[in-house]
Amino acid sequence: MHTPTPLADSPVLGPKLIRAEILVVMSVSLGASALVAFVRLIGALTAPKELKGQQAVLVGSMAPGRPWLDLTLQLVQIAIAVAPVGLVAYLLVRSGESLRTIGADFRRPGGDLARGAALAAVIGGSGLAFYLLVWALGVNLTVVPGQLPEVWWQVPVLLLAAAQNGVLEEVLVAGYLLHRLGQAGWTPWKAVVVSSLLRGSYHLYQGFGGFVGNVVMGLVFGRLYQRWGRAMPLVVAHTLIDAVAFVGYAFLRDRVSWLP
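Residues numbered from 1 in each chain as written. Predicted model: local features only at pLDDT ≥ 70, side-chain atom pairs only at ≥ 80, totals over all residues. Heavy atoms only, no water.

**Thoughts on the overall build of the protein**
In terms of regular secondary structure, the protein is built from eight helices and two strands. Tracing the protein from N to C terminus, the helices and strands come up as α-α-β-α-α-β-α-α-α-α. In terms of overall dimensions, the protein is globule-like: its C-alpha atoms have a radius of gyration of 20 Å, near the 18 Å expected for 260 residues. Counting only C-alpha atoms, the protein reaches 75 × 40 × 40 Å along its principal axes. Expressed as a percentage of its 260 residues, the buried residues of the protein come to 44%. Surface accessibility of the protein: about 13,500 Å² in total, with carbon and sulfur atoms responsible for 68%. The positive charge centre, built from 19 side chains, and the negative charge centre, built from 12, are 6 Å apart in the protein. (Helix = DSSP H or I, 4+ residues; strand = E, 2+ residues; numbered from the N terminus. Rg over C-alpha atoms; globule rule 2.2 N^0.38 Å. Buried < 20%, exposed > 50% of the residue type's maximum accessible area, 1.4 Å probe, protein only. Areas by Shrake-Rupley, 256 points an atom, 1.4 Å probe, with all protein chains shown as cover. Lys, Arg positive; Asp, Glu negative; His and termini not counted. Charge placed at Lys NZ, Arg CZ, Asp CG, Glu CD.)

**Considering the side chain of D70**
Tracing the backbone through its elements, the reader meets D70 in helix α3 (residues 67–94). One buried charged residue, D70, forms no salt bridge at all, with the nearest opposite charge on R66 at 9.6 Å. For D70, the residues in contact, after removing those within four places along its chain, are S61, M62, A63, P149 and W153. (Salt bridge = Lys/Arg side-chain N within 4 Å of Asp/Glu carboxyl O. Contact = heavy atoms within 4.5 Å.)

**Description of the pattern of salt bridges**
By the definition in use, this model includes seven salt bridges. Among the salt bridges present, the one from E21 reaches R180, with a minimum N-O distance of 2.6 Å. Here R180 lies in helix α5 (residues 154–183) and E21 lies in helix α1 (residues 15–27), a separation of 159 residues in the sequence. Each of the two residues, E21 as well as R180, counts as buried.

**Describing the packing of α5 against helix α7 (residues 208–228)**
Relative orientation of the contacting elements α5 and α7 amounts to 55°, with a least axis distance of 10 Å. Classified by the angle between their axes, α5 and α7 sit oblique to one another. Crossing hand, α5 versus α7: right-handed. Counted together, E170, A174, G175, L178 and H179 of α5 and M217, F221, G222, Y225 and Q226 of α7 form the full contact between these two elements. Taken together, the residues of the contact of α5 with α7 sort by class into five nonpolar, four polar and one charged. (Axes fitted to C-alpha atoms, helices over the stretch in contact; angles between N-to-C directions. Parallel < 35°, antiparallel > 145°, perpendicular 65-115°, else oblique. Left-handed = near helix turned anticlockwise from the far one by under 90°. Nonpolar A, V, L, I, M, F, W, Y, C, P; charged D, E, K, R; others polar.)

**Digging into the packing of aromatic side chains**
Ring pairs (aromatic) are described by centroid distance and by the angle formed between their planes. Within the structure shown, the criterion is met by one aromatic pair. Relative to W152, the ring of W68 lies with its centre 5.9 Å away and its plane at 55°, an arrangement referred to as tilted. One end of the pair, W68, is in helix α3; the other, W152, is in the loop between β2 (142–147) and α5, and 84 residues separate them in sequence. For the cation-ring pair, K52 lies above W135, with the distance from its terminal atom to the ring centre recorded as 4.3 Å. If you follow K190 out to its NZ or CZ, it ends over the ring of W186, 4.4 Å from the centre. (Phe/Tyr/Trp six-rings, centres within 6.5 Å; stacked < 30°, edge-to-face > 60°. Lys NZ or Arg CZ within 6 Å of the ring centre and 35° of its normal.)

**Examining the nonpolar core**
If you look at the biggest cluster of nonpolar residues, it comprises 39 residues, and the most contacted ones within it are V171 and L172. Elements that contribute at least two residues to this core include exactly α1, α2 (30–45), α3, α4 (109–137), α5, α6 (188–201), α7 and α8 (232–252). For this core, the leading source of residues is α5, giving nine residues. The residues touching L172, leaving out its near neighbours within four places in the chain, are V25, M26, S29, L30, P84, V85, V88, V167 and L177. Membership of the second largest hydrophobic core comes to 12 residues, among which are L71, L158, A162 and A243. (Core = buried A, V, L, I, M, F, W, Y, C linked by side-chain atoms within 4.5 Å.)

**Brief notes about the packing of α6 against α7**
For the pair α6 and α7, the least separation of the axes is 7 Å and the interaxial angle reads 140°. Crossing geometry of α6 relative to α7 is assigned as right-handed. Contacts between α6 and α7 involve P188, W189, A191, V192, V193, S196, L197, R199, G200 and S201 from the first element and F211, N214, V215, M217, G218, L219, F221, G222, R223 and Q226 from the second. Residues belonging to the contact of α6 with α7 are distributed by class as follows: 11 nonpolar, seven polar and two charged.

**Some words on the environment of V194**
Residue position: V194 is located in helix α6. For V194, a relative accessible area of 34% gives the class partly exposed. Each C-alpha atom, one on V194 and one on V215, is 9.5 Å from the other, the two residues being 21 residues apart in sequence.

Printed below as a string of C-alpha cells:
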C-alpha cells in the first residue's frame with residue numbers, strides 16, 4: 001500500500017518569498033486602502049472647496065433611513081475589513097509560527113491593557129491637539145469620526161469599528177509586517193520607517209495632517225513593538241483611541257464650539 005509522503009514541518013521563507021507574501025497581503029488589505037486614499041486626496045485637492053471645508057467621514061451610514069439594513073451592512077463591512085487578519089494568521093501557521101509569535105494573543109491581559117491604556121492616553125491627547133492644529137492651518141479635511149443615525153446600535157457599531165481598526169492595523173502593520181521584514185534581514189529602523197509610511201499612506205484621504213500624524217504614530221508604535229515583541233498592547237491602544245474618538249464625537253458634536 002502506498003504511504004503518503006509527509007509534508008515538511010514548515011516552508012522555508014527566504015527574502016524573495018517574504019517580499020512576495022507581504023505584497024499579496026497588503027494588496028488585499030491596507031496597501032489597497034493606501035491607493036484609494038491617495039486617489040481620494042487628489043480628488044480633495046482638485047475640488048472647488050479648500051481642504052478644511054471638506055469632510056472625511058470615518059464611520060458613516062450605509063443605508064440612510066433604513067436602520068436594519070444599515071446595521072447589517074455595517075456588520076458585514078466590519079467582518080470583511082478584518083478578514084486579512086485571518087490570512088495573516090494562516091500564513092504564520094504555514095511558516096511554523098502563529099499569531100502568538102507576534103504577540104497578538106491573550107497571554108498577558110493585565111500588562112497589555114496597562115501598556116495599551118497608557119499609550120492611548122499619550123497618543124490620543126497629542127493626536128487631537130495635532131489634528132486641531134493642522135485643521136486650523138487648512139492642510140487637513142474635517143474629520144468626522146462617526147455619522148451614524150441615533151439608534152440603539154449606534155454606540156455598539158462605533159465600538160466594533162474601533163476594535164476592527166485596532167486589530168487590523170496593529171496585527172498587519174506593526175506585528176506581521178515588522179516581523180516579516182526582520183526575517184528578511186531588514187534593520188529595525190528601516191523596517192519601522194517603511195511600516196510608518198504605509199500607516200500614513202492609507203490615511204491620506206484625511207489630508208496631509210492625517211498622513212504626518214499617522215507616520216509619527218507608526219514610528220512610536222513600531223519601536224514599541226520591536227521592544228516589547230507584542231502587538232496586543234498596540235491593539236488595545238489603537239482601539240481605545242478610536243473608541244474615544246468615535247463615541248466622544250457622537251456625544252459632543254454640536255455641543256462644543258472647539259470641535260470642527
